[in-house]
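# A look at the structure
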Amino acid sequence: MLSYSKQYDVIVVGGGHAGCEACMASARMGRRTLLLTQNLDTIAFMSCNPAIGGLAKGQLVKEIDALGGMMARAIDATGIQFRRLNTKKGPAVRSSRAQADRQAYRLWMKQVLESQKNLEIRQASVAKLLVANGRMEGVETSLGERFSGTAVVLTTGTFLNGLIHIGLASFPAGRLGEGPSIGISESLRGLGFTVGRLKTGTTPRLDGKTIDFSCMEIQEGDSEPTPFSFSTKEITRSQVPCYITYTNPKTHAIIREGLDRSPLYTGVIKGTGARYCPSIEDKVMRFADKERHQVFIEPEGRHTTEVYPNGLATSLPLDIQIRMLRSITGLESVAIMRPGYAIEYDYINPLQLKPTLETKLIENLFCAGQINGTSGYEEAAAQGVMAGINAVLSVTGEEPFVLDRSEAYIGVLIDDLVTRGTTEPYRMFTSRAEYRLLLREDNADLRLTEKGYRLGLVATDDYTRFQQREREIQEERKRIEDTRVAPTPEIQEWLSRRGSSPIRQAVSLKELLRRPEIDYRALRELPSLAPAVSDSALEQVEIQVKYEGYIERQQQMVEKFRRMEQKLIPRDLNFYEIPSLSTEVRQKLHQIKPASLGQASRISGITPAALSILMIYMKKHEAGLTVNVKGERSIPAV
């Protein structure tokens, strides 16, 4: 046994996307931090798709950035194609996505971590959690090293008892070519945690030299790439195209031929897979009426021929994978560089977590990422930054940092996990956010930068830039409200050109901008009305003006939501003593221990009637009375 005398404030276990954000947040908040990862060369490695962002995921990345996290900066520095999605739809569902240079991304993040003050990095495999009196004391590695830490953040990804499947062959691994993490699951079970099993998978990797791109649809990036980070001025690098092809009936027939050796369809895989990111064999069977499925051919970097065929995740036998691929247009002579596979891994029931991502069973033990049942780099990174922040606040004895559902997608993500739980890999969607018109990509900095700055995670230069943007928005809003537009011949002719009806009297510029056919590009045609602020400020003002009525309605809904969130449930409340509640409701309230009536209302199975009973009981409890929820009689408690 080798024990080190150094005491760390925060120990982060795992160097994936959650681990990187957690250790950076801790170190930048001034705490002595240790990152332990099984392989220093795979820090921030993208196990699956080499891309960041996407629908709803782009919002998460922007929020991480607004809080002072690193993911947005990393993709801005290493991205090879940038696209904004849903640009023809409303601002609530617009999202950014970028293809990454897989190796450049990993190396960029590794360099940032190695350069960070207060952060030490060690290659080690953690095998045991050290706990005394219900509180974390540190970790022990497979080599018998002991590291002492006041708080520990587990970000283990797919490595907990990981098991890879390719056809009917299976072997222990955390990722193809890397060993699993053995021991932590046993430690968690021994401490009373419920440990489950999930499954995810990835596609084969192809040799680009053997692909005929000429017969595929080309997909270029945006002509003017939009950065992810609010601190990035512009993306000036050349972009790399992606391509689109399709499966066909022959492909589907080959897949069905291989199902007798599929671990998914022969019962070999026990873990629950991702509902919204199914394997190709699952898609073929579940959507039997579809003659084809789209496949995106995505480059893995600027300096490699390796290609990722997005849409072809599979655990079929290797010979079936080869035949399947070669039946697709453009891939008739393709060579596989790495096979596709499925992987099963352990996770804990997220209902055992507090909204801070600290576990309810062990003090100062935090979990983030796939160990909590989520899927995706962005979901992991979002949890990582929150777990890192709260680990520090727990060590220093300060109030925890929690974002609610009306403040951020991050708040929706964590609230869903700790209130509703999950039995399958959780993925973020815009539809999960009931206040998504308020939680847009474009205003993530306005919502969260002030909070990140107070935590010490947003640099002074970035905060100054943010304040300038705020001022520009306020000034432009005032300008369009104060500027009056008279019905002159020039204005009427301009309105006619824009397909807009004439004005009969002077109106404010704001009123004109409310019209669907009038935007800031149109205003630039009139020098006297043209704005003098940045494009990012103009986008924000235009959205605020055009969607003002909808935004006000959502803000009213948020006020109602917050009133429920402010009705806190006493920590010592015994739910089993509440009369008239069903046994199921009592059990769920006891298991989750909601912090507020608002959180209680979101627990599956908690009816409005049960919530009303709980509310009455809380009022009587606060008054020191025994409770008769039927209102017949209440007498002082003994």
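Structure's up top.
A brief look at the structure comes next. (Residues numbered from 1 in each chain as written. Predicted model: local features only at pLDDT ≥ 70, side-chain atom pairs only at ≥ 80, totals over all residues. Heavy atoms only, no water.)

For the protein chain, the count of helices and strands is 20 helices and 22 strands. Dimensions of the protein chain along its principal axes, counting C-alpha atoms only, are 85 × 80 × 55 Å. If you take every contact in the protein chain between residues at least 6 apart in sequence, the share linking residues at least 24 apart comes to 72%. In the protein chain, 83 positive and 76 negative side-chain charges are present, and the distance between their average locations comes to 3 Å. (Helix = DSSP H or I, 4+ residues; strand = E, 2+ residues; numbered from the N terminus. Contact = heavy atoms within 4.5 Å. Lys, Arg positive; Asp, Glu negative; His and termini not counted. Charge placed at Lys NZ, Arg CZ, Asp CG, Glu CD.)

In the structure shown here, the tally under the stated rule is six aromatic pairs. Feature note: the residues Y453, Y463 and F466 constitute an aromatic cluster, connected by ring pairs. Between the NZ or CZ atom of R292 and the centre of the ring of Y246, over which it lies, the distance is 3.6 Å. For R432, the ring lying beneath its charged end belongs to Y426, and the centroid distance is 4.2 Å. (Phe/Tyr/Trp six-rings, centres within 6.5 Å; stacked < 30°, edge-to-face > 60°. Lys NZ or Arg CZ within 6 Å of the ring centre and 35° of its normal.)

Of the pairings in the sheet, the one linking strand 1 (residues 2-13) to strand 9 (residues 145-154) comprises eight bridges and is parallel in character. By the bridge assignment for strand 9, S3 is matched with R146. Direction of pairing for strand 1 relative to strand 2 (residues 33-37): parallel, over a ladder of four bridges. Within strand 2, the residue paired with V12 across the bridge is L35. (Pairing = 2+ DSSP bridges.)

On to helix 1 (residues 17-28), then. If you check helix 1, its first and last C-alpha atoms are 17 Å apart, about what 12 residues at 1.5 Å a residue would give, namely 16 Å. Within helix 1, 11 of the 12 residues are buried, which leaves it mostly tucked inside the rest of the structure. Every buried residue belonging to helix 1 is among H17, A18, G19, C20, E21, A22, C23, M24, A25, S26 and A27, and all of these are buried. Positive phi appears at G30, one or two residues downstream of helix 1, with a value of about 90°. (Expected span 1.5 Å × (residues − 1). Buried < 20%, exposed > 50% of the residue type's maximum accessible area, 1.4 Å probe, protein only.)

With that settled, the discussion passes to helix 17 (residues 548-565). Its 18 residues give helix 17 an end-to-end C-alpha distance of 25 Å, which sits within 8% of 26 Å, the value for a rise of 1.5 Å per residue. Among all positions in helix 17, only E548, I551, Q554, V558, F561 and E565 are buried. All buried residues of helix 17 lie within an arc of 130° about the axis, which places them on one face of the element. Of the exposed residues in helix 17, those oriented more than 90 degrees away from the buried face are Q556 and K560. The secondary structure elements touched by the buried residues of helix 17 are helix 12 (460-482), helix 14 (509-513), helix 16 (535-546) and helix 19 (597-601). (Arc of directions from axis to C-beta.)

So, to be careful, I would describe these as geometric facts and stop short of saying anything about function.
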